[in-house]
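Results of the structural survey
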Amino acid sequence: MRKNDTRRAEIIQRLTDYVLIEGLSAASLRPLAKAAGTSDRMLLYYFTDKRAIITAVLEQIAARLLGLMSERTASEPLPLDALRQQLAGVLFEDALWPYMRIWLEVAARAAMGDVFYRAVGEQIGRGFLDWGKMQLKADSAAQLEIDAARLLVSMEGMLFLKSIGLDDVNATAL
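Let me begin by describing the structure that accompanies this report. (Residues numbered from 1 in each chain as written. Predicted model: local features only at pLDDT ≥ 70, side-chain atom pairs only at ≥ 80, totals over all residues. Heavy atoms only, no water.)

1. Things to note about helix H2 (residues 29-36)
Selection rule: To sort residues, take the accessible area from a 1.4 Å probe on protein chains only and compare it with the maximum for the residue type: under 20% means buried, over 50% means exposed, and anything in between is partly exposed. Numbering goes from the N terminus for both helices and strands, where a helix is a DSSP run of H or I of at least four residues and a strand is a run of E of at least two. It is the directions from the helix axis to the C-beta atoms whose arc is reported.
Those residues of H2 that sit buried are Leu32, Ala33 and Ala36. When H2 is viewed along its axis, its buried side chains cluster within an angular range of 100 degrees and face the same direction. Exposed and oriented more than 90 degrees from the buried face of H2 are Arg30 and Lys34. Looking one or two places after H2, you find Gly37, whose phi comes out positive at around 75 degrees.

2. Considering helix H7 (residues 115-135)
This is how the line gets drawn: Between the first and last residue of a helix there are one fewer steps than residues, each counted as 1.5 Å, and that sum is the expected span. Any two residues whose heavy atoms approach within 4.5 Å are treated as being in contact. Pairs of N or O atoms are called polar contacts if they sit within 3.5 Å, as long as, within protein, a hydrogen donor faces a hydrogen acceptor (for residues adjacent in sequence, only side-chain-to-side-chain pairs).
Taking 1.5 Å per residue as the helical rise, H7 with its 21 residues ought to reach 30 Å, and the 30 Å between its terminal C-alpha atoms agrees with that figure. Along H7, the residues that are buried comprise Phe116, Tyr117, Val120, Gly121, Ile124, Gly125, Phe128, Leu129, Trp131, Gly132 and Gln135. Looking at the buried side of H7, the elements it contacts are helix H4 (50-72), helix H5 (80-91), helix H6 (97-111) and helix H8 (141-163). The N-terminus of H7 is capped by Asp114, whose side-chain oxygen sits 2.9 Å from the backbone nitrogen of Phe116.

3. Describing the layout of surface pockets
Heads up, the condition is: A cavity here means a set of points on a 1 Å grid, drawn over the protein atoms and nothing else, where a 1.4 Å probe fits but cannot get out; a pocket is an open set with protein on both sides within 12 Å along at least five of seven lines, and a residue lines either one if it has an atom within 4 Å of a point. Grid points are joined across faces, edges and corners, and a volume is the space filled by probe spheres set on the points. Any residue that is not Ala, Val, Leu, Ile, Met, Phe, Trp, Tyr, Cys, Pro, Asp, Glu, Lys or Arg is counted as polar, Gly included; the first ten are nonpolar and the last four charged.
What the largest pocket holds in volume is close to 240 Å³. Forming the boundary of the largest pocket are 13 residues, of which Trp103, Arg118, Gly121, Glu122 and Gly125 lie nearest the centre. At the level of elements, H6, H7 and H8 are the ones that each hand at least two residues to the lining of the largest pocket. Per-element tally for the lining of the largest pocket: the top contributor is H7, with seven residues. Residues that form the lining of the largest pocket fall into these classes: seven nonpolar, two polar and four charged.

4. Here we look at the side chain of Gln135
Mapped onto the secondary structure, Gln135 falls in helix H7. By relative accessible area, which is 12% here, Gln135 ends up buried. In this view, Gln135 contacts Thr73, Ala74, Glu76, Pro77, Leu78 and Leu83; residues no more than four positions away in its chain are not counted.

5. A look at the environment of Arg84
Relative to the helices and strands, Arg84 is located in helix H5. In this structure Arg84 comes out as buried when scored by relative accessible area, which is 19%. Here the alpha-carbon distance between Arg84 and Ser154, two residues 70 residues apart in the chain, equals 7.9 Å.

6. So, the packing of H4 against H6
Just so we agree on the cut-off: Note on geometry: axes are C-alpha line fits, over the in-contact stretch for helices, and angles between N-to-C directions span 0 to 180 degrees. Any angle between 65 and 115 degrees counts as roughly perpendicular, while under 35 counts as roughly parallel, over 145 as roughly antiparallel, and the rest as oblique. In this scheme the crossing of two helices becomes right-handed for a clockwise turn of the near helix relative to the far one and left-handed for an anticlockwise turn of less than a right angle.
Contact pair H4 / H6: the axes reach a minimum separation of 11 Å and the direction vectors enclose 135 degrees. When the interaxial angle is binned, H4 and H6 end up oblique. Judged by the twist between their axes, the crossing of H4 over H6 is left-handed. Listed contacts from H6 to Leu58, Ile61, Arg64, Leu65 and Leu68 of H4 are Tyr99, Met100, Ile102 and Val106. Tallied by class, the residues present in the contact of H4 with H6 amount to eight nonpolar, no polar and one charged.

See the structure below:
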């Protein structure tokens, strides 16, 4: 890895930590540069623009989340209901809530018509869908597609309900 690549990777890690704590609303260029330990001009040396920065950060957040989820789930594929139950216990842990909060921010910005966040959200959402397919045990490829979609829809619904204080509804559904 070249020196610039190493430095860029370090910056992405610092920015990811910052965004997980402060959220996307605090992700303007100067605070990001400060969090990265550099100037805003140097930040733009490593990234073409703010969108490139946010894309790199959100990709890193998604990668970290997938890693955390993989550490906490079964090592072999599970049927839909078993995996949904397992993930519900994992995704709503306090340690993972900052990731969920960022995901909700991406979804809210996409819902408000921001095409950038819609595109990034779709990419990340499809990544979660693919991850789900690898975790699921199904009788056929067609059933695997259906089960992965059901898993994503149910987890997203549960995330939304938790965010508005309806944990009791989630508990009832499980």
